[in-house]
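Per-entry structural report
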Amino acid sequence: MPADERFAVRRESARASVPRPLTAAPAPAGVPLPPGLALRGRLATGARRPETPRGSGRGGSGRGGSGPRTPRSGRGGGPRRAYERARRAWDRPLTAYYVILGSSLLITVLGLVMVYSASMIKALDISKPATYFFGKQFLAAVIGGGLMLIAARMPVKLHRGLAYPILMVTVFLMILVQVPGIGMSVNGNQNWLYLGGPFQLQPSEFGKLALILWGADLLARKQDKRLLTQWKHMLVPLVPVAFMLLGLIMLGGDMGTAIILTAILFGLLWLAGAPTRLFAGVLGFAAVLAFLLIRTSPNRMSRLACMGVSEPDPEGGCWQAAHGIYALASGGWFGSGLGASVEKWGQLPEPHTDFIFAITGEELGLAGTLSVLALFAALGYAGIRVAGRTEDPFVRYAAGGVTTWITAQAVINIGAVLGLLPIAGVPLPLFSYGGSALLPTMFAVGLMIAFAREDPAAKAALAMRRPGVRWKTMRRRVKKRSSGER
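Residues numbered from 1 in each chain as written. Predicted model: local features only at pLDDT ≥ 70, side-chain atom pairs only at ≥ 80, totals over all residues. Heavy atoms only, no water.

1. What about the environment of H323?
We count it as follows: Helix and strand assignments follow DSSP, with helices taken as H or I runs no shorter than four residues and strands as E runs no shorter than two, numbered in order from the N terminus. Note on contacts: a residue pair qualifies if any of its non-hydrogen atoms lie within 4.5 Å across the two residues. Nitrogen and oxygen atoms within 3.5 Å of one another constitute a polar contact, given that in protein one can donate a hydrogen and the other can accept it, and given that sequence-neighbouring residues count only through two side-chain atoms.
With respect to the helices, strands and loops of the structure, H323 is situated in helix 14 (residues 319–331). Residues H323 and E311 lie twelve residues apart in sequence; the distance between their C-alpha atoms is 8.0 Å. Residues within four places of H323 in sequence aside, it is in contact with E343, Q347 and L348. Only 2.9 Å separates the side chain of H323 from the side chain of E343, close enough to count as a polar contact.

2. A short note on the packing of helix 14 against helix 15 (residues 356–389)
Rule in force here: Lines are fitted to the C-alpha atoms to define the axes, a helix being fitted only along its stretch in contact, and any angle between axes, read from their N-to-C directions, falls within 0 to 180 degrees. Orientation categories follow fixed angle ranges, with anything under 35 degrees roughly parallel, anything over 145 roughly antiparallel, 65 to 115 roughly perpendicular, and all other angles oblique. Crossings are classed by handedness, with left-handed meaning an anticlockwise turn of the near helix from the far one by less than a right angle and right-handed meaning a clockwise turn.
Running from amino to carboxyl end, helix 14 crosses helix 15 at an angle of 30°, the nearest separation of the two axes being 7 Å. Relative to helix 15, the element helix 14 is oriented roughly parallel. Judged by the twist between their axes, the crossing of helix 14 over helix 15 is right-handed. For the pair helix 14 and helix 15, contact is made by G324, A327, L328, S330 and G331 and by F357, A358, G361, E362, G365 and T369, respectively.

3. Let's talk about the side chain of S432
Looking at where S432 falls in the secondary structure, it is placed in the loop between helix 16 (393–417) and helix 17 (435–453). In this structure the side chain of S432 is engaged in a polar contact, spanning 2.7 Å, whose partner is the backbone oxygen of T353.

4. Thoughts on a nonpolar patch on the surface
Put simply, the rule is: Exposure above 30% relative accessible area and the lack of any salt bridge qualify a residue for a patch; like charges then connect within 9 Å, and the nonpolar side chains Val, Leu, Ile, Met, Phe, Trp and Tyr within 5 Å. Shrake-Rupley sampling with a 1.4 Å probe provides the accessible areas, and residues are treated as covered by the protein chains on show and by no other component. Definition used for salt bridges: Asp or Glu carboxyl oxygen within 4 Å of a side-chain nitrogen of Lys or Arg.
Taken together, the side chains of W333, F334, L366, L370 and L373 present a nonpolar region at the surface, about 580 Å² in accessible area. Here F334 lies in the loop between helix 14 and helix 15.

5. Topic: a positive patch on the surface
Cut-off, in case you're wondering: Charge counting treats Lys and Arg as positive and Asp and Glu as negative, with His and both chain ends excluded. Charged side chains are reduced to one point each, which is NZ for Lys, CZ for Arg, CG for Asp and CD for Glu.
A surface patch of positive charge is lined by R81, R85, R88, R92 and R465. Position of R81 among the secondary structure elements: in helix 3 (residues 79–90).

6. Some details on the packing of aromatic side chains
Worth spelling out the cut-off: When the centres of two rings from Phe, Tyr and Trp lie within 6.5 Å, Trp using its six-membered ring, the rings pair. Their planes under 30 degrees apart give stacked, over 60 give edge-to-face, and anything left gives tilted. Charge-over-ring contacts are defined here by two conditions on Lys NZ or Arg CZ: a distance within 6 Å of the ring centre and an angle within 35 degrees of the ring normal.
Using the criterion set out here, one finds eight aromatic pairs in the structure. Between the aromatic rings of Y164 and W214, the centroid separation amounts to 6.4 Å while the plane-to-plane angle is 85°, which identifies the pairing as edge-to-face. Here W214 lies in helix 8 (residues 203–224) and Y164 lies in helix 7 (residues 163–177), a separation of 50 residues in the sequence. Through a chain of ring-to-ring contacts, three or more aromatic side chains come together here, namely Y116, F134 and F138. Taking NZ or CZ as reference, R396 lies 5.3 Å from the ring centre of Y397, over its face.

7. Things to note about the nonpolar core
For the record, the criterion: Only buried Ala, Val, Leu, Ile, Met, Phe, Trp, Tyr and Cys residues count toward a nonpolar core, and they belong to the same one when joined by side-chain atoms within 4.5 Å. A 1.4 Å probe rolled over the protein chains alone gives each residue an accessible area, and that area as a share of the maximum for its type sets the label: buried under 20%, exposed over 50%, partly exposed in between.
I100, L238, L269, F394, Y397, L428 and F451 are the most contacted members of the largest nonpolar core, which has 107 residues in total. Among all residues touching F394, those that are not within four sequence positions of it are V156, H159, R160, L213, A216, D217, A220 and F451.

8. Some remarks on unusual backbone geometry
Residue P237 is reached from V236 by a cis peptide bond, and omega for that bond is 0°. Assignment of secondary structure puts P237 in the loop between helix 9 (231–235) and helix 10 (238–251). Positive phi, normally seen in glycine, also occurs at L430, with a value near 65°. A relative accessible area of 5% means that L430 is categorised as buried.

9. Considerations on the pattern of salt bridges
Going through the model one piece at a time under the given rule, you end up with five salt bridges. Note that K208 is salt-bridged to E205, the shortest N-O span being 2.9 Å. Highlighted residues: K208 and E205, both in helix 8, separated by three residues, approximately one helical turn. In this pair, the class of K208 matches that of E205, namely buried. Linked through salt bridges whose partners overlap, the residues forming this network are R160, D217 and R221.

10. Concerning the state of the cysteines
The term disulfide refers to a covalent linkage connecting the sulfur atoms of a pair of cysteines. This is how the line gets drawn: Any two cysteine sulfur atoms lying within 2.5 Å of each other are counted as a disulfide.
Overall, the coordinates contain one disulfide when judged by the stated rule. There is a disulfide in this structure between C306 and C318, and the S-S distance comes to 2.1 Å. With the S-S bond torsion at -90°, the cross-link from C306 to C318 turns out left-handed. With a gap of twelve residues between them, C306 in the loop between helix 13 (298–305) and helix 14 and C318 in the loop between helix 13 and helix 14 connect regions that are remote in the sequence. Note on C306: relative accessible area 10%, which makes it buried.

11. Thoughts on the packing of helix 8 against helix 10
Each pair of packed helices can be summarised by the angle the axes make with each other and by the distance between the axes. Note the cut-off: Side-chain classes are defined by residue name, with Ala, Val, Leu, Ile, Met, Phe, Trp, Tyr, Cys and Pro counting as nonpolar, Asp, Glu, Lys and Arg as charged, and the others, Gly among them, as polar.
Contact pair helix 8 / helix 10: the axes reach a minimum separation of 11 Å and the direction vectors enclose 175°. Classified by the angle between their axes, helix 8 and helix 10 sit roughly antiparallel to one another. Residue-level contacts link S204, G207, L211, W214, G215, L218 and L219 of helix 8 to L238, V241, A242, L245 and I249 of helix 10. Looking at side-chain class alone, the contact of helix 8 with helix 10 contains nine nonpolar, three polar and no charged residues.

12. Some thoughts on the confidence of the model for the protein
What counts is decided by this rule: For every residue, the predictor reports its confidence as pLDDT, a number between 0 and 100.
With 80% of its residues at a pLDDT of 70 or more, the protein shows a mean pLDDT of 82. Here residues 33–49 is a poorly scored stretch, pLDDT under 50, and it has eight contacts once near neighbours within four places are set aside; other chains count. pLDDT under 50 marks residues 473–486. Its contacts with residues more than four places away, or in other chains, come to two contacts.

Listed below in structure tokens is the structure:
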């Protein structure tokens, strides 16, 4: 048989061995086919599936396709992704540096605006220009900004070297305040020195900074010698020197500053790892002393009785506390507008100092007060971060002391305005009117900025941001080309 015929026979036998697809019998009219038989019928009759365009596979785009791709779960947007990005941004080396600098400057600028708005009527009432208090506060802010810049650029060793001189000068000025004819009495407190013209100085405000620097240096040196495990070395001479400062302050009758100084002392002892019994003993002694001082003063007893009041007494008691609540209540969500306060027209005493937060609530509303609280919370948290991440004991104690100072003073001031705490007569840090309070506070903020810059990771990040370092780094990465290459 020829080869062509044999090939044809094999091809026919191969076709005969392949089973043919079953075809569905035609269904009677009105009777639908089962799904399986209908599918077989379509395959048997040669029906094809509709072809999908190339590149429109899974997810809307195949290899090289241009269709929209559905975001995968876990990689798309959402609260979790935003939280992760915020956490990574917060963990960057320069975050604390920028938060301290930005929040402190924002508080100071907003405070200048509110001092001007809250003090206009007070200045006109004493026959002064409307910008009288604002001009003094602005001058103090400029000087304080210079002190903050100097403190931020100073090395840590120089800060430690200034601890003893600042303490001795502050103690000398606080003693000088009690000398008749030199010290001045303002609102019943003998805590001021007259500097000439409209300028006065309150040395007790600098006592907070002096206690922090000196106490941090003392505890750091004792920790290096491993002496803080003994309670005698932890208390002496820190507690006696602190009580000496408290005694000089209480001679002038300034209970509010004494409370802040006590809070700083407890903060330093807590950071030094004081045992619970020792901490409780010092706290109990301070509480008994505060009770005796309040009990023996009718003025302080009247302030304690004004906690939580919503209306002044018929005899005029609790007038300031009640009108502070009125100012906050009339502000609403967004306030009556900047400069449109009613309580500052003689109803609320001290609207630009101790109760400036109430005027802020009246003019800027709940949104304004929450903004101020958020800025103070950010500043306090950044200070805790600086104190917790450092390996230098002096930096840890000093940063913790400054954070305790600013946070405790803000809580006491705002708590008094809200009626939750007694009126202690302390200003809102960086916000209220008062150059004597603003200058040491801005220096303390510069101190924390310097500590944030001293972190090794922050140092490296700041060094990479210098223009000279960037140019050198780029020059290293550029490969040298031959003279004929373009």
